[in-house]
Amino acid sequence: LNSLGLVYTFITQFLGFRAFHDEGKVMGLAAYGGRDYVDRFRKLVHLMPDGRYKVDMAYFSYDRYGQIQPFKEKFYAEFGAPRKPGEEITQRHRDIACGLQAVLEECVIHIIRGLEAQVETRNLVMVGGVALNCVSNARVIAETSFKRLWVPPSASDSGTPLGAALWHWHQDLGHDRTFELTHAYWGRTPTDKEMVQALDCAGVRHKRLPEGELIARTARDIAAGKIVGWYQGRCEIGPRALGNRSILADPRRAEMKDIINDRI
């Protein structure tokens, strides 16, 4: 999935977001777009037999110039001028995001179906930045024969230092494999004093509550339509909020998605 991930990353940059950081924003933006660009994106990635695919490098120059100049003129002729950071998001940008997401999903399903024809197991592990695309992952479970899917919490480049350390520990130093990644909470835990200092520094009014009262207050606030920043315990590895660093809101409210996108 590496070249697919590069395409997704550089088109994230084309849409005015931060490459390698804001792919999730593009995935969210895709939900607001139409399918005008789907066929155009199908020109960029050609599906081949046995789950293989090929990126058409007539549109890209990232193999030579990386982030400095990832696209060729043929790409701009097809998709127009890039959006500048902070520039208003137009319907064209939403449609481009939608087309990108749609074709990414098609490619992922194509690759996985090629794999399922080659292996007997119905357990699947996916890694890489593309594996953090929860919309395409949902389709993998719904549309292929794999029954169990596991994506490490640091599946993207953020997990490379951990993999490098484990490689050295086992391959170079010869230690047995004993470590199991059973949770994502490997960061440090700030002290109460540090948290109070951070709140004071930010000018945020704060009040300490007993745990029971805190939980009840949080539940009432969420039910009332407020947005809660939840911060507890050790920091999580990877780019997804898994409970210790989370933004919480009421999913029953149809307008809440727009509120969170607008405010956060």
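Source: prediction; values computed, not measured.

So, how was this worked out
Residues numbered from 1 in each chain as written. Predicted model: local features only at pLDDT ≥ 70, side-chain atom pairs only at ≥ 80, totals over all residues. Heavy atoms only, no water. Salt bridge = Lys/Arg side-chain N within 4 Å of Asp/Glu carboxyl O. Helix = DSSP H or I, 4+ residues; strand = E, 2+ residues; numbered from the N terminus. Buried < 20%, exposed > 50% of the residue type's maximum accessible area, 1.4 Å probe, protein only. Core = buried A, V, L, I, M, F, W, Y, C linked by side-chain atoms within 4.5 Å. Contact = heavy atoms within 4.5 Å.

Student: Looking at this model, I keep getting lost on the pattern of salt bridges. Mind explaining?
Tutor: One side chain can pair with another of opposite charge once the charged atoms of both are near each other. Counting across every chain of the model gives 13 salt bridges. Measuring nitrogen to oxygen at the nearest pair gives 2.8 Å for the salt bridge that ties E143 to R139. With a gap of four residues between them, E143 and R139 both fall in helix α7 (residues 134-143), about one helical turn apart. Exposure remark for E143: the relative accessible area of 33% places this residue in the partly exposed category. For R139, a relative accessible area of 25% translates into the label partly exposed. With a shortest N-O distance of 3.6 Å, D250 and R253 are connected by a salt bridge. According to the relative accessible area criterion, R253 is partly exposed, its value standing at 29%. Three or more residues joined by partner-sharing salt bridges are found here, namely E105, R113, R139 and E143.

Student: Teacher, can you tell me more about unusual backbone geometry here?
Tutor: A negative phi angle is the norm for most residues apart from glycine, just as the trans form is the norm for most peptide bonds. Even without being glycine, D50 reaches a positive phi, approximately 65°. With respect to the helices, strands and loops of the structure, D50 is situated in the loop between β1 (45-47) and β2 (53-55). Among the residues examined, D50 registers a relative accessible area of 60% and is labelled exposed.

Student: Looking at this model, I keep getting lost on the nonpolar core. Mind explaining?
Tutor: Soluble globular proteins tend to bury their nonpolar side chains together. Core analysis: the biggest nonpolar cluster contains 42 residues, and L4, I11, L15, F41, L44, F60 and F75 have the highest contact counts within it. When residues in this core are grouped by element, the largest group, 11 residues, is from helix α6 (residues 91-116). Among all residues touching L44, those that are not within four sequence positions of it are I11, K54, V55, D56, Y59, F60, F75 and F79.

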